[in-house]
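# Examining the three-dimensional arrangement
Below are the chains, spelled out letter by letter.
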Amino acid sequence: MSTNKESNSLNTRAVYDITKFTHLDYPDHLACIVWLSGCNMRCDYCYNKDIVFAKEGSHTFVDVLEFLKSRVGLLEAVVLSGGEATMHDLEEFCIAIKDLGFKIKLDTNGTDYKQIKKLIDLGLLDFVALDYKAPKEKFTQITHSNKYEEFSKTLDLLLDRDFDFEARTTLHSDLLSEDDINNIIQDLKRRGYKNNYYIQSFLDTETNIANLQAPTTTFDKSQLLDELNIIWR
Ligand code: SF4
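For every chain, the first residue of the written sequence is number 1, and numbering continues from 1 onward in sequence order. Totals for whole chains, interfaces and linings use every residue, but because this is a predicted model, local features are given only for residues with pLDDT of at least 70 and side-chain atom pairs only at 80 or more, for both listing and counting.

### Here we look at the overall build of the protein chain
The secondary structure content of the protein chain amounts to seven helices and eight strands. Scaling as 2.2 N^0.38, a compact globule of 233 residues should have a C-alpha radius of gyration of about 17 Å, and the protein chain matches this with 17 Å. Out of the 233 residues in the protein chain, the part that is buried amounts to 38%. Distance between backbone-placed C-beta atoms decides contact: two residues are in contact if it is within 7 Å. Considering only contacts in the protein chain between residues 6 or more positions apart, those separated by 24 or more positions represent 78%. Per the convention used, a helix needs a DSSP run of H or I reaching at least four residues, while a strand needs a run of E reaching at least two, with both numbered from the N terminus. Here the globule rule is a power law, 2.2 Å times the number of residues to the power 0.38, and the radius of gyration is based on C-alpha atoms. Field definition: a residue is buried when 20 or more other C-beta atoms are found within 10 Å of its C-beta, exposed when 12 or fewer are, and partly exposed for counts in between, with C-beta atoms placed from the backbone.

### Looking at the environment of Lys 133
Along the chain, the position of Lys 133 falls in the loop between strand E5 (127-131) and helix H5 (136-143). Setting aside its immediate chain neighbours within four residues, Lys 133 contacts Cys 43, Asn 109, Phe 139, Ile 142, Thr 143 and Thr 169.

### What to know about unusual backbone geometry
The general pattern is negative phi for most residues beyond glycine and trans for most peptide bonds. Of note, the bond from Gly 82 into Gly 83 is cis; its omega dihedral lies within 30 degrees of zero at 25 degrees. Relative to the elements of secondary structure, Gly 83 occurs in the loop between strand E3 (77-82) and helix H3 (91-99). In the Ramachandran plot, Asp 28 falls in the positive-phi region, its phi being about 65 degrees despite a non-glycine side chain. Relative to the elements of secondary structure, Asp 28 occurs in the loop between strand E1 (15-22) and strand E2 (31-36). You will see that His 144, though not glycine, has its phi angle at about 55 degrees, which is positive. Of the residues examined, His 144 has 15 C-beta atoms within 10 Å and is grouped as partly exposed.

### A few points about the site of the ligand
In this text, near has one meaning. A residue is near a molecule or strand if its C-beta atom, placed using the backbone, is within 6 Å of it. Cys 39, Met 41, Arg 42, Cys 43, Cys 46, Asn 48, Val 52, Gly 82, Gly 83, Glu 84 and Asn 109 make up every residue found near the ligand. Polar here means any residue outside two lists: the nonpolar Ala, Val, Leu, Ile, Met, Phe, Trp, Tyr, Cys and Pro, and the charged Asp, Glu, Lys and Arg; Gly therefore counts as polar. Tallied by class, residues from the shell around the ligand come to five nonpolar, four polar and two charged.

### What to know about the nonpolar core
Throughout this description, the term nonpolar core refers to a group of buried Ala, Val, Leu, Ile, Met, Phe, Trp, Tyr and Cys residues whose C-beta atoms join them within 7 Å. Counting 59 residues, the largest nonpolar core has Val 34, Leu 36, Val 78, Leu 80 and Ile 104 as its most contacted members. Sorting elements by how many residues they give to this core places E2 first, with six residues. Setting aside residues up to four positions removed in sequence, Val 34 forms contacts with Val 15, Ile 18, Val 64, Val 78, Val 79, Leu 80 and Ser 81.

### A short note on the pairing of strand E4 (residues 103-108)
In summary, the side chains of a regular strand alternate between the two faces of the sheet. Most of E4 is tucked away: five of the six residues are buried. Pairing between two strands is assigned when DSSP locates at least 2 bridges connecting them. Direction of pairing for E3 relative to E4: parallel, over a ladder of four bridges. The residue bridging Leu 80 from the neighbouring strand is Leu 106, located in E4. If the strands point away from the viewer and the path from the first strand over the helix to the second runs clockwise, then the crossover is right-handed. The parallel pair E3 and E4 is bridged by H3, and the resulting crossover is right-handed. Pairing geometry for E4 and E5, over four bridges, is parallel. Bridge assignment links Asp 107 to a residue of E5, and that residue is Ala 129. On the question of chirality, the crossover connecting E4 to the parallel E5 by way of helix H4 (residues 113-121) is right-handed.

### Things to note about helix H7 (residues 178-191)
The length a helix should cover is 1.5 Å for every residue beyond the first. Given a rise of 1.5 Å per residue, 14 residues ought to cover 20 Å, and the 20 Å separating the end C-alpha atoms of H7 matches this to within 8%. Those residues of H7 lying buried are Ile 181, Ile 184, Ile 185 and Leu 188. Seen end-on, H7 carries its buried residues on one side only, within an arc spanning 100 degrees. More than 90 degrees from the buried face of H7, the exposed residues found are Asp 179 and Arg 190. Throughout, the arc means that of the directions going from the helix axis to the C-beta atoms.

Here it is as structure tokens:
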């Protein structure tokens, strides 16, 4: 993981891997996914722990740009994911991606408000998928970080700008209850969020950070408030 955000070098080996094609990750777009190494959270259910704990990636930004040059006219967009993409200074990379004519979607936990605001101000982002990890009271327990306030600022920023984004939560029902999800729904609604709210069920893999098993607690979807349109993934 690069910890030197001041370094703006496109030669930084920040990229853990590239998924060369997806039509699922960016709604209505053919895209590739750039997986950036490192993360400032340690979510219990995270199944990308190899990426999260990676000290360095296998590819530089330049490598990705070379790949993208070969995809001009074939792909429409680039998804910046991870790990947490904003662990790295993305400005120069995003400018170069835009120069090639691609749209950019950012998957983020929202904790680098300053960088996200800058990228939006510069017109470098087209879509954001923002993780709403947990209600404030459970945020640290689930993410092992104390960054709720930064996340909250980013959420408000996206709403204030009327920016095109989706809010999403990963659900492990031993960690988040129906009340917790309802708290999130009410908070999103109160702040003025009108888009779909995506809930992704925990992927039962053996490689998640906390070695979680499949939930033992039943989650009753019928108890959820209908204040937002919920899409289950
Ligand atoms: S799930 Fe959590 S730990 Fe894993 S990459 Fe996302 S923010 Fe980081």
